[in-house]
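# Geometric and topological summary
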Amino acid sequence: MNSQFVIEESSIEDIQRGFSENRLTSRQLVEFYRRQIDFLNPRLHGVIEFNPDAGDEADQADSRMRSGTKIGDMDGIPVLLKDCINTKDKLKTTAGSYALLEAEVGGDATVVEKLREAGAVILGKASMSEWSQFRSGKVPSGWCARTGQGKNPYNESESPYGSSSGSAISVAANMAAVSLGTDTTGSIICPANKNSVVGFKPTVGLTSRAGIIPISARQDSVGPICRTVSDAVYVLDTIVGFDPRDRQATLEAAKFIPNGRYKQFLNKNGLAGKRLGVVRNPFSASYIPESIARSDFEDHLKTLREKGAILVDNMEIENVDLIMDWNACGSDTALLAEFKIGINEYLRELPTSPVRSLSDIIAFNKTHYLLEKTNEYGQDLFELSELTNGIGEEEKAAIEMLAELSREGFEKLMKENELDATVSLGPLVAVVLGIGGYPGITVPAGYEEDGMPFGICFGGLKGTEPKLIEVAYGFEQATKLRRPPS
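For clarity, every value in this text was computed on a predicted model and none was experimentally measured. (Residues numbered from 1 in each chain as written. Predicted model: local features only at pLDDT ≥ 70, side-chain atom pairs only at ≥ 80, totals over all residues. Heavy atoms only, no water.)

Time to look at the overall build of the chain. Within the chain, the secondary structure is distributed over 18 helices and 13 strands. Over its C-alpha atoms the chain spans a radius of gyration of 21 Å, differing by no more than 12% from the 23 Å that the globule rule assigns to 486 residues. Expressed along its principal axes, the backbone C-alpha trace of the chain runs to roughly 60 × 55 × 45 Å. For the chain, contacts bridging at least 24 residues in sequence account for 76% of all contacts bridging at least 6. Total accessible area computed for the chain in this model is approximately 17900 Å², and 48% of it derives from carbon and sulfur atoms. Between the mean site of the 52 positive side-chain charges and the mean site of the 68 negative ones, the chain shows a separation of 3 Å. (Helix = DSSP H or I, 4+ residues; strand = E, 2+ residues; numbered from the N terminus. Rg over C-alpha atoms; globule rule 2.2 N^0.38 Å. Contact = heavy atoms within 4.5 Å. Areas by Shrake-Rupley, 256 points an atom, 1.4 Å probe, with all protein chains shown as cover. Lys, Arg positive; Asp, Glu negative; His and termini not counted. Charge placed at Lys NZ, Arg CZ, Asp CG, Glu CD.)

With respect to the secondary-structure elements, Ser291 resides in the loop between strand 9 (275–278) and helix 10 (292–306). Here the side chain of Ser291 touches Ile288 through a polar contact of 2.8 Å, landing on its backbone oxygen. One polar contact links the side chain of Ser291 to the main-chain amide nitrogen of Arg294, over a distance of 3.1 Å. (Polar contact = N/O pair within 3.5 Å; in protein donor to acceptor, adjacent residues only side chain to side chain.)

In this section: the packing of aromatic side chains. A complete count under the given rule lists nine aromatic pairs for this structure. With 5.6 Å between their ring centres and 10 degrees between their planes, Phe339 and Phe382 make a pair best called stacked. In this pair, Phe339 sits in helix 12 (residues 331–349) while Phe382 sits in helix 15 (residues 380–386), placing the two residues 43 residues apart along the sequence. By the burial criterion, Phe339 is buried, and Phe382 matches it. Through a chain of ring-to-ring contacts, the aromatic side chains of Trp131, Phe134, Phe339 and Phe382 assemble into a single cluster. (Phe/Tyr/Trp six-rings, centres within 6.5 Å; stacked < 30°, edge-to-face > 60°. Buried < 20%, exposed > 50% of the residue type's maximum accessible area, 1.4 Å probe, protein only.)

Within the largest apolar cluster, 119 residues are counted, with the highest numbers of intra-cluster contacts made by Met74, Ile85, Leu304 and Phe458. The residues contacting Met74, other than those within four sequence positions of it, are Ile12, Gln16, Val79, Leu115, Ala118, Gly119, Ala120, Val178, Tyr234, Val235 and Thr238. Membership of the second largest hydrophobic core comes to 25 residues, among which are Met315, Val320, Val431 and Tyr438. (Core = buried A, V, L, I, M, F, W, Y, C linked by side-chain atoms within 4.5 Å.)

Burial analysis of strand 8 (residues 221–226) places six of its six residues in the buried class, the great majority of the element. Bridging between strand 7 (residues 198–201) and strand 8 involves two bridges; their strand directions are antiparallel. Opposite Gly199, over in strand 8, you have Ile225 as the bridge partner. (Pairing = 2+ DSSP bridges.)

So, on to unusual backbone geometry. In this model, Asn281 is joined to Pro282 through a cis peptide bond whose omega is 0 degrees. Tracing the backbone shows Pro282 in the loop between strand 9 and helix 10. Positive phi is not limited to glycine here, since His45 has a value of about 55 degrees. Within the secondary structure, His45 sits in the loop between helix 2 (26–44) and strand 1 (47–50).

Pasting the structure below:
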């Protein structure tokens with residue numbers, strides 16, 4: 001490898017330029033990330049497994065490049081996958097739990113098939129909050145039995161925040177080029193925001209959920225966690241599209257995919273003329289008034305204006321306090337029932353598995369209470385979910401309430417004020433975006449005195465990814481605030 005090429009913090013565009021100039025190979029990339037993982041992962045716990053075939057996959061990519069048969073932008077790029085995304089290879093898919101350690105999946109998740117078809121190298125599996133933090137309210141964010149507690153690389157005493165924690169930790173710490181996470185109610189946006197990376201949660205159905213350990217077919221979304229907006233868009237371009245294995249959701253969202261896909265919206269002047277609704281309440285309140293985050297947010301709003309955005313300030317989402325109360329808004333009722341349906345179907349379809357139902361997992365955790373820290377952390381959400389019996393009248397009412405809150409809240413705000421996107425400090429708007437299936441993207445926006453990162457999140461209506469990309473990329477290029485952890 002040419003000594004002038006620096007892999008740390010390099011983007012997909014940088015890497016592809018290195019490939020084309022014969023200054024870098026995919027094999028050298030994989031070896032660099034393997035060394036990073038060996039050095040940092042014992043402390044950060046961001047990676048569960050390294051793919052033993054990653055080197056061979058990289059060699060195949062290098063061979064294509066030498067022969068002039070390179071597939072595209074993702075060819076030779078190492079991708080880390082959240083440990084709930086199926087791969088039919090030597091890697092396990094366990095949602096961080098020992099209950100699935102001996103299970104075998106029937107095939108790759110559809111998003112993995114698309115990555116492989118694009119020439120991407122599957123680097124390994126990222127750690128996560130076990131079972132996407134749906135086992136118990138006591139399970140710490142970023143903890144799973146298989147790796148222990150994931151650490152925020154900017155401040156190891158702080159939470160990595162959110163179930164796609166390992167995906168964010170690993171990309172932030174340069175243990176991977178790019179990663180995939182999943183999001184139900186903030187699991188991409190939250191860890192990306194708190195680990196100084198870009199998290200892009202697409203409209204539900206834009207990316208297939210087939211072959212992914214589920215929580216809610218109504219809310220689950222798969223998306224990229226990367227160091228830059230452009231990297232996130234390159235990954236998104238690769239994984240979107242109709243999938244007969246996730247027919248209803250992907251068919252509905254396929255109409256949103258523009259001709260030429262999303263790379264065309266990486267426009268440095270994308271903020272010009274965009275109407276952005278500034279939503280402060282209640283999201284800014286998670287930062288104390290004298291925080292750097294609150295002060296910097298005001299500076300960032302000025303930057304947005306200077307770059308041509310039209311800001312509509314102090315926007316209020318109707319019933320937002322109700323939306324943020326999972327119990328009162330019906331979210332708990334809906335998700336508990338949906339999880340049991342989804343996980344039982346997933347487990348039934350596995351060719352080999354020691355557990356075949358949610359009740360089997362509950363029993364496993366009781367038997368293996370030391371491995372799974374069941375006495376410390378419990379499994380109350382599992383037990384409540386097991387008590388449900390499909391989508392009955394109560395669940396239907398809860399789901400309709402969530403739809404109504406979305407229509408009369410976020411959707412009404414966007415449409416009545418003719419907004420292109422909303423802008424908020426921190427990650428908590430992800431709850432609002434989650435219940436409505438709306439897209440959002442978080443971009444690094446600065447650091448507190450203790451080193452903890454914060455981001456700003458742009459949200460939009462279903463299918464408005466092109467506008468979100470223009471806005472997020474415009475902001476990122478105007479500020480370029482991300483820095484690697486020291």
